[in-house]
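Next come the chains, spelled out residue by residue.
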Protein chains: 2
Amino acid sequence: MRPTIKDVARKAGVSISTVSLVMNDRPVPLSPETKRAVLEAAQELGYRPNQLAIGLVTKKTNTVGLIIPDNSNIFFAAYTNHLETAANELGYSLILGNSNNSAEKTVHYLHLFADRGVDAIILAQSEFSDPEMTQKCLDAVRSLRIPVMLIDRLFRTRSTEAVLLDHFEGGYIAAQHLIGLGHRRIGCLSGPLGLTSFQERLAGFCQALEEADIPYDPALVVEGNLLADSAAPVLPALLKRHVSAIFAFNDMMAYGLYKELSRMKIRIPEDISVIGFDDLFFSDVLQPSLTTVAQPLDKMAKAVMSRLSQILREEAGGESLTQVFRPVLKVRDSTSVCRTETA
Amino acid sequence: MRPTIKDVARKAGVSISTVSLVMNDRPVPLSPETKRAVLEAAQELGYRPNQLAIGLVTKKTNTVGLIIPDNSNIFFAAYTNHLETAANELGYSLILGNSNNSAEKTVHYLHLFADRGVDAIILAQSEFSDPEMTQKCLDAVRSLRIPVMLIDRLFRTRSTEAVLLDHFEGGYIAAQHLIGLGHRRIGCLSGPLGLTSFQERLAGFCQALEEADIPYDPALVVEGNLLADSAAPVLPALLKRHVSAIFAFNDMMAYGLYKELSRMKIRIPEDISVIGFDDLFFSDVLQPSLTTVAQPLDKMAKAVMSRLSQILREEAGGESLTQVFRPVLKVRDSTSVCRTETA
DNA sequence: AATTGTTATTAAAACGTTTTTTGACATAGC
DNA sequence: GCTATGTCAAAAAACGTTTTAATAACAATT
């Protein structure tokens, strides 16, 4: 049906080896006439090489597997989008798997993708609460013998390729911004503190407090589940402590705060300032627009793919590399100068 | 490195044909001992068949290409997520391409995916403003000789496989809902009316007006670009006409209305009702939550994949099938009884 | 005229599978 | 004792490429 190299060879009156040599522009002596004949035949037949066959012999498919928890999570959707763009620019295709944060599904996809001959795998997965699950993934990754790039903190070891955000600095600049506006009683709506990234955000937050000589009050830190609806149940605890600002450890929870505060007729930023983390698409659409700590996803995605491409071209040294990116503060309308007298 | 069928054969002391027969559980006479030996060897070596090689001989890769305009568009991200889930349940993997609404990129991915031996392609693309572009895509699709499933209205012909929403009904139920609340001057913030889907939404809207004996006033229909920021420029025109409700043809533009109305101190739904279309994730988070027309993406995704799977198993009759799904009205807090006296 | 060297092309092996055909050996029927 | 009939297993071809080694043709050197 689809023309193969044989068809081109027959049409051009040469052997298939010649066709291959010409198509790949190999540095072997070939007469101009032969080249022209082959190119013409290929053109006329609309010949396109079968990548399956090529992959079988070259062991390269120019395909990268991407395993993320959930593409309906807009953060990952945005990341995926940037990764796909970066991949395409470097000549790679992306094959997608949703792990739903399940170690089984992660392992499933690791194998599935390896079976399909992907050149590398990008894995977005934070630690599992059960260390055994993490170990399972680690084992699977090791057994694969394929480059794996982590874009979240699955393993604590430094000996893996990774592209990460500096979460400490993220927490730090968020706190610094609020402190600069005069806030001293700042609530934290944290993510699960079992996860390294959130520990680090909190540590950065504390560092900023310390530098401003504000005592750290653990009662002002509550834990959420990263979803919007986790804001409502814990908000009263913070309000009771008279916080003048709340640092939500991701934008989704900040949205939850918006909803609940609005229900309570507490105004943002007049009565309380809110700052988020991630800079999702909607943060700029919301009313008032959300001040937040942005992750430079485009740069990170580019870094992921160019590093992988480097590794695959075998231009990387033996050392594995962890690249850490700096977050960027986006000041919008949800934070303002502190107006409460209570220091 | 990775064990192959040969390694299993050697270890089990049989031929590779036997290994293949056993692994695929073929209905051929094989002694239980042989089977056991093969299975054991495979298990011990951790053998997993190379899907590239299998694809080369069977012409099936269990991979489906998905071409969408933009995965950072949360509507498509959600659809992609459902499609991936449905695909995985049926044993397929999804390979992803962002077309950015460019015909060139669409054609690029059509070929790229075909080269990689995908079994089918899912194409989310509305018509191009330039009919020549549409023709280009059509030609590429035809030349592929691979099943292509449309999940948007690229071609007007009925002779393609497609899974679509009943946009007419969507427009109809949105209007009906507002009319039921007593609204008679209803503004439309439409999408580009060059696109069939929006024409149909508008037609459904008009139908509902007609049934309620409300004259259709073209001055109440303005065109947006589907993005949030297209609301602000056209809102004054609608307000001047004293609309008591606005039907935004997608949720993103409804969000734009929220922002602009809030800036103008016009309250939703007290002063004006707003209804959207799509039911994006955020519509339930917003304050007030957005009444909207939902697309049953999970059902549609399942329908896409099960139909494709049917076609690929060659169980489909010769006829191509267009499946149309009914939208669902989600009544939330952004619409209320009309309080203006102006009829 | 024999050797060496270029240049252009091809043959053949390999990649890891599936699948069809062939073959070896027992057992049963005549 | 010979042919038919079953079992089981292996051989071999095929899928569409790349790549290395081989070869052929011819010119240039001795």
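Residues numbered from 1 in each chain as written. Chains lettered and ligands numbered in written order. Predicted model: local features only at pLDDT ≥ 70, side-chain atom pairs only at ≥ 80, totals over all residues. Heavy atoms only, no water.

K.L.:
Can you tell me about the protein's contact with DNA strand C, naming the residues and giving the values?
P.N.:
If you check the shell around DNA strand C, you find 29 residues, and the closest are A:T18, A:T34, B:I5, B:S20 and B:R26. When the atoms of DNA strand C within 4 Å of the protein are grouped by moiety, sugar and phosphate amount to 66% of the total. Measuring from a phosphate oxygen of DNA strand C, one finds a side-chain N or O atom of A:T34 at 2.7 Å. Broken down by secondary-structure element, the contributors of at least two residues to the surface near DNA strand C are α2 (16–23) and α4 (51–58) of chain A together with α1 (5–12), α2 (16–23) and α4 (51–58) of chain B. Each residue belonging to the surface near DNA strand C can be placed in one class, and the counts come to 14 nonpolar, eleven polar and four charged. (Near = heavy atom within 4 Å. Polar contact = N/O pair within 3.5 Å; in protein donor to acceptor, adjacent residues only side chain to side chain. Helix = DSSP H or I, 4+ residues; strand = E, 2+ residues; numbered from the N terminus. Nonpolar A, V, L, I, M, F, W, Y, C, P; charged D, E, K, R; others polar.)

K.L.:
Tell me about the sheet that holds strand β6 (residues 186–190) of chain B, and name the residues and values.
P.N.:
Residue and element names in this part refer to chain B. One open sheet holds the six strands; their spatial order is β7-β6-β8-β9-β10-β12, and the pairing between them is mixed. Two strands in the sheet have a free side with no partner beyond their single neighbour: β7 (221–223) and β12 (328–330). Recorded for the sheet is a direction-independent mean angle of 20° between the axes of neighbouring strands. Contacts from helix α9 (residues 196–211) reach β6, β7, β8 (245–248) and β9 (273–278) within the one sheet, and its direction differs from that of β6 by about 170°. Its contacts with the sheet place helix α10 (residues 231–240) against β6, β7 and β8, and it is angled at close to 155° to β6. (Pairing = 2+ DSSP bridges. Axes fitted to C-alpha atoms, helices over the stretch in contact; angles between N-to-C directions. Contact = heavy atoms within 4.5 Å.)

K.L.:
Tell me about the relation of the copies chain B and chain A, and name the residues and values.
P.N.:
Of the transformation placing chain B onto chain A, the axial shift is 0.0 Å and the rotation is 180°, giving an RMSD of 0.0 Å. With respect to symmetry, the two chain copies, as superposed, fit the operation of a two-fold axis. Taking C-alpha positions as the reference, the residue of chain B nearest the rotation axis is B:I95, at 2.1 Å. Looking at chain B, 100% of its interface residues are interface residues in chain A too, so the copies touch through the same face. (Least-squares fit on C-alpha atoms with pLDDT ≥ 70 in both.)

K.L.:
Just give me the short version of the protein's contact with DNA strand D, but keep the residues and values in it.
P.N.:
Taken together, 28 residues sit near DNA strand D, with A:I5, A:S20, A:R26, B:T34 and B:K59 positioned nearest. Counting only atoms of DNA strand D within 4 Å of the protein, the sugar-phosphate share comes to 70%. B:T34 is positioned with one of its side-chain polar atoms (N or O) 2.3 Å from a phosphate oxygen of DNA strand D. Residue composition of the surface near DNA strand D, by class: 13 nonpolar, eleven polar and four charged.

K.L.:
Break down the environment of A:A162 for me, citing the residues and quoting the values.
P.N.:
Residue and element names in this part refer to chain A. In this structure, A162 sits in strand β5 (residues 161–165). On the basis of relative accessible area, A162 is assigned to the buried category, the value being 4%. Put simply, A162 and A124 are 38 residues apart on the chain and 10.0 Å apart in space, counted from C-alpha to C-alpha. (Buried < 20%, exposed > 50% of the residue type's maximum accessible area, 1.4 Å probe, protein only.)

K.L.:
Break down the sheet that holds strand β12 (residues 328–330) of chain A for me, with residues and values.
P.N.:
All names here are of chain A. Ordered by their spatial adjacency, six strands build an open sheet running β7-β6-β8-β9-β10-β12, and the pairing between neighbours is mixed. The sheet terminates laterally at β7 (221–223) and β12, the two strands that pair on one side only. Strand-to-strand twist across the sheet, computed as the mean angle between neighbouring axes with direction ignored, equals 20°. Pairing geometry for strand β8 (residues 245–248) and strand β9 (residues 273–278), over three bridges, is parallel. By the bridge assignment for β9, I246 is matched with V274. Here helix α9 (residues 196–211) sits on the sheet and contacts β6 (186–190), β7, β8 and β9; the angle it forms with β6, its principal contact strand, is near 170°. Contacting β6, β8, β9 and β10 (291–294), helix α11 (residues 251–263) runs over the sheet at an angle of about 155° to β9.

K.L.:
Could you give an account of the pairing of strand β5 (residues 161–165) of chain B, with specific residues and numbers?
P.N.:
Residue and element names in this part refer to chain B. Burial analysis of β5 places five of its five residues in the buried class, which makes it a mostly covered element. Taking every second residue as pointing to the same face, both faces of β5 are buried, with E161, V163 and L165 on one and A162 and L164 on the other. Where strand β4 (residues 148–150) and β5 come together, two bridges link them in parallel fashion. Note on β5: the bridge partner recorded for L150 is A162. Summarising the sheet, β5 and strand β11 (residues 322–325) pair through four bridges and their orientation is parallel.

K.L.:
I'd like to hear about the packing of helix α8 (residues 167–180) of chain B against α9(B), residue by residue, with values.
P.N.:
Residue and element names in this part refer to chain B. Two elements in contact, α8 and α9, have axes separated by 6 Å at closest approach and are oriented at 40°. Judged on the interaxial angle alone, α9 and α8 are oblique. For the element pair α8 and α9, the recorded crossing hand is right-handed. Note on element contacts: α9 touches α8 through S197, E200, R201, A203, G204, F205, Q207, A208, L209 and E211, opposite H167, F168, G171, Y172, A175, Q176 and I179. Across the contact of α8 with α9, the residue classes break down as eight nonpolar, six polar and three charged. (Parallel < 35°, antiparallel > 145°, perpendicular 65-115°, else oblique. Left-handed = near helix turned anticlockwise from the far one by under 90°.)

It is worth stressing that arrangement in space is one thing and function is another; only the former is reported here.
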